[in-house]
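Fold and geometry: a report
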Amino acid sequence: MNTQPTLTKDGQETGTTGPAQPSDGLKAGLKNRHLSMIAIGGVIGAGLFVGSGSGIAAAGPAILLSYALVGAMVVFVMRMLGEMAAARPSSGSFSAYADRALGRWAGFSIGWLYWFFWVVVLAVEATAGAKILESWVPAVPQWGWALIVMVVLTATNLGSVASYGEFEFWFAGIKVVAIGAFVVIGMLAVFGVLPGSDNPGAGFAHLTDSGGFFPMGAGAVLTGVLMVVFSFMGSEIVTLAAGESEDPQKAVTKATNSVIWRIGVFYLGSIFIVLTLLPWNDKSIVEKGSYVAALDSIGIAHAGQIMNVIVLTAVLSCLNSGLYTASRMAFSLGQRGDAPKAFAKVNKRGVPVAAILGSVVFGFVAVFFNYKWPDTVFAFLLNSSGAVALFVWLVICVTQLRMRGIILRESPEKLIVRMWLFPYLTWATIAMIVGVLGYMVYDGGSNRDQVVLSLLVAALVIAISLVRQRFGKADRPAEVSERV
């Protein structure tokens, strides 16, 4: 029988909590197949399908290097996070680790910033999904579809963690099958061996036949990095979900070890197919979207509608996971006394109802802002959360530098996943993230706005945390202070 020890703050085992059950009241309702698909689907966001065309137009075939650079950065960050999550599975993930390694202010700040990021994403994805659904059934207004989508997925999350896992299993499964089929069919068309294909089968010629591999100059690779980096956000969700799985250590280890091939196949593989099927400067890539343009070049009928179904699936998957992620972060913050106590309570099914409702209410408000003031209030929310993804990755790196020593000192046997070339590769990843943030400021425009506004919001949250500590409003609940 599997048992899960409870650790004190000093890392000592105080007993067991039963058969693989989390000690925080949540239920271990996620099966290994759920976690596997959440891990795979977590790196496939709607941004890959919708935003890749703009990146190709900005950098040409060199966008592959942009995806490779960001992909490598995400692989390193996930390896660091996997090291900590395998040793200390927690629904608060990197926020809980930052709390322990860097201090209360760090756990509080990055936890709330991450929550803020995902509730804004709820509004973005709900609106994107509503636009597709309205095009199919125009009798229902766009706001009506957004409301329906939000209500359905809220009900799913309120049911049980298993219902979230089941929905995500099928959502992610559709995305995985779609991209897998796209890569296989596309590769056959690239070499002219796909029966009935309209594509001339140019092989790899399109990678260099329209101005070379760097048609916009080598510097465009960095511009491409800025355009693709945010489509990778979500890969860390599996480490939050692992806290509600049957075997957290096994799930995290498997997800961490497979992140390289997942990014290689789904991002680099699919974009490579697009670039070999069409010249990078083909107008249809921007007008129709890169994947629709590629499918049209092969001669697949109704490519646009097929891709709309897949994009809708990606949107619903992102909404489902976004609500789950925001609620579990709110739950963890509540446990640590950094959010209302009600957020830390679960019902008999192990569902943190207040944390879910609190997150979805803000999501509904953000949806309203998106319809009422899209160019002012909502634009501010969007820009002020835009760089949070990079902040989260940066905090994960810095936290891992400290947590490695803590784990080795307190429970070295739990260090079953190790960051490669520690600490050198950790520092190199920090330099990469800081470099991206610096280039965003240098690049100007909306990129600079995102960094500046996100920094202002981060400074405000940190200030609130420090004031709470200064005036004694951040005392930990006794039952939480002894857990890590």
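Calculation rules
- Residues numbered from 1 in each chain as written.
- Predicted model: local features only at pLDDT ≥ 70, side-chain atom pairs only at ≥ 80, totals over all residues.
- Heavy atoms only, no water.
- Helix = DSSP H or I, 4+ residues; strand = E, 2+ residues; numbered from the N terminus.
- Rg over C-alpha atoms; globule rule 2.2 N^0.38 Å.
- Contact = heavy atoms within 4.5 Å.
- Areas by Shrake-Rupley, 256 points an atom, 1.4 Å probe, with all protein chains shown as cover.
- pLDDT = per-residue confidence, 0-100.
- Axes fitted to C-alpha atoms, helices over the stretch in contact; angles between N-to-C directions.
- Parallel < 35°, antiparallel > 145°, perpendicular 65-115°, else oblique.
- Left-handed = near helix turned anticlockwise from the far one by under 90°.
- Nonpolar A, V, L, I, M, F, W, Y, C, P; charged D, E, K, R; others polar.
- Polar contact = N/O pair within 3.5 Å; in protein donor to acceptor, adjacent residues only side chain to side chain.
- Expected span 1.5 Å × (residues − 1).
- Buried < 20%, exposed > 50% of the residue type's maximum accessible area, 1.4 Å probe, protein only.
- Core = buried A, V, L, I, M, F, W, Y, C linked by side-chain atoms within 4.5 Å.
- Phe/Tyr/Trp six-rings, centres within 6.5 Å; stacked < 30°, edge-to-face > 60°.
- Lys NZ or Arg CZ within 6 Å of the ring centre and 35° of its normal.
- Salt bridge = Lys/Arg side-chain N within 4 Å of Asp/Glu carboxyl O.

Some points on the overall build of the protein
The helix and strand inventory of the protein stands at 19 helices and two strands. Taking 23 Å as the expected radius of gyration for a compact globule of 484 residues, we find that the protein reaches 22 Å, a close match to that expectation. With respect to the principal axes defined by its C-alpha atoms, the protein has extents near 70 × 55 × 50 Å. Pairs at least 24 apart in sequence give 79% of the contacts found in the protein among residues at least 6 apart. Split by element, the accessible area of the protein, about 18,800 Å² in all, is 67% carbon and sulfur.

Brief notes about the confidence of the model for the protein
The predicted coordinates should not be examined in detail at positions where pLDDT is low. Of all residues in the protein, 91% attain a pLDDT of 70 or more, and the chain-wide mean is 84. Confidence over residues 1–20 falls short of pLDDT 50; this stretch has 48 contacts with residues more than four positions distant or in other chains. With pLDDT under 50 throughout, residues 478–484 is counted as low confidence; its partners more than four residues away or in other chains account for 16 contacts.

Concerning the packing of helix α5 (residues 104–136) against helix α6 (residues 142–159)
Across the interface, α5 lies against α6 with an axial gap of 8 Å and an inter-helix angle of 120 degrees. Taken together, α5 and α6 sit at an angle that is classed as oblique. Relative to α6, α5 is oriented so that their crossing is right-handed. Here Leu122, Ala126, Thr127, Ala130, Lys131, Leu133 and Glu134 of α5 come into contact with α6, specifically with Gln142, Trp145, Ala146, Val149 and Met150. Of the residues assigned to the contact of α5 with α6, the class counts are eight nonpolar, two polar and two charged.

A closer look at the side chain of serine 321
Relative to the elements of secondary structure, serine 321 occurs in helix α13 (residues 303–335). At 3.3 Å, the side chain of serine 321 forms a polar contact with the side chain of tyrosine 164. Each residue touching serine 321, except ones within four places of it in the same chain, is listed here: Tyr164, Glu168 and Ile237.

Comments concerning helix α3 (residues 63–87)
Between its first and last C-alpha atoms α3 spans 36 Å; for 25 residues at 1.5 Å apiece the expected length is 36 Å, and the two agree. With 21 of 25 residues buried, α3 lies mostly within the body of the structure.

Observations concerning the nonpolar core
For soluble globular proteins, the rule of thumb is that nonpolar side chains tend to be buried together. Phe49, Phe94, Trp118, Leu390, Trp393 and Ile396 are the most contacted members of the largest nonpolar core, which has 158 residues in total. Considering every element that reaches this core, the biggest residue donor is α5, with 19 residues. Non-local contacts of tryptophan 118, meaning those with residues more than four positions away in its chain, are made with Met233, Gly234, Glu236, Ile237, Cys318, Gly322, Thr325 and Ala326.

A few points about the packing of α3 against helix α4 (residues 93–102)
Between α3 and α4, the shortest axis-to-axis distance is 10 Å and the interhelical angle comes to 80 degrees. With respect to α4, the element α3 is oriented roughly perpendicular. Along its contact with α3, which presents Leu81, Met84 and Ala85, the element α4 presents Ser93, Phe94 and Tyr97.

Some details on the packing of aromatic side chains
Scanning the model with the defined rule gives 22 aromatic pairs in all. Ring centres 6.2 Å apart and planes at 50 degrees place the aromatic pair phenylalanine 368 and phenylalanine 369 in the tilted group. Judged by relative accessible area, which is 46%, phenylalanine 368 ranks as partly exposed. Taking the centre distance of 5.8 Å and the plane angle of 45 degrees together, the rings of phenylalanine 369 and tryptophan 373 count as tilted. For tryptophan 373, a relative accessible area of 36% puts it in the partly exposed group. Three or more aromatic residues link up through ring pairs in this structure, and these residues are Phe94, Tyr114, Phe117 and Trp118. Stacked on the ring of phenylalanine 169, the Lys or Arg arginine 33 has its end atom at 4.7 Å from the ring centre. The cationic tip of arginine 404 hangs over the ring face of phenylalanine 422; the distance from NZ or CZ to the ring centre is 4.3 Å.

What about the side chain of threonine 426?
Here threonine 426 lies in helix α17 (residues 424–443). Leaving out residues up to four positions away in the same chain, threonine 426 has contacts with Met80, Cys397, Gln400, Leu401 and Met419.

Observations regarding unusual backbone geometry
Between phenylalanine 422 and proline 423 the backbone carries a cis peptide bond, its omega angle lying at 0 degrees. Inspection of the secondary structure puts proline 423 in the loop between α16 (388–410) and α17. One non-glycine residue with positive phi stands out, namely serine 93, at about 45 degrees. As for its placement among the helices and strands, serine 93 is situated in helix α4.

Digging into the pattern of salt bridges
Summed over all chains, the structure comprises nine salt bridges. Between arginine 104 and aspartate 99 there is a salt bridge, and its shortest N-O distance comes to 3.6 Å. Accessibility classification places arginine 104 together with aspartate 99 in one group, the buried group. With a shortest N-O distance of 2.5 Å, arginine 100 and glutamate 410 are connected by a salt bridge. With arginine 100 in helix α4 and glutamate 410 in helix α16, the pair connects residues that are 310 residues apart, well separated along the chain. Shared partners join several salt bridges into a network, and the residues in it are Asp99, Arg104, Arg336, Asp338 and Arg468.

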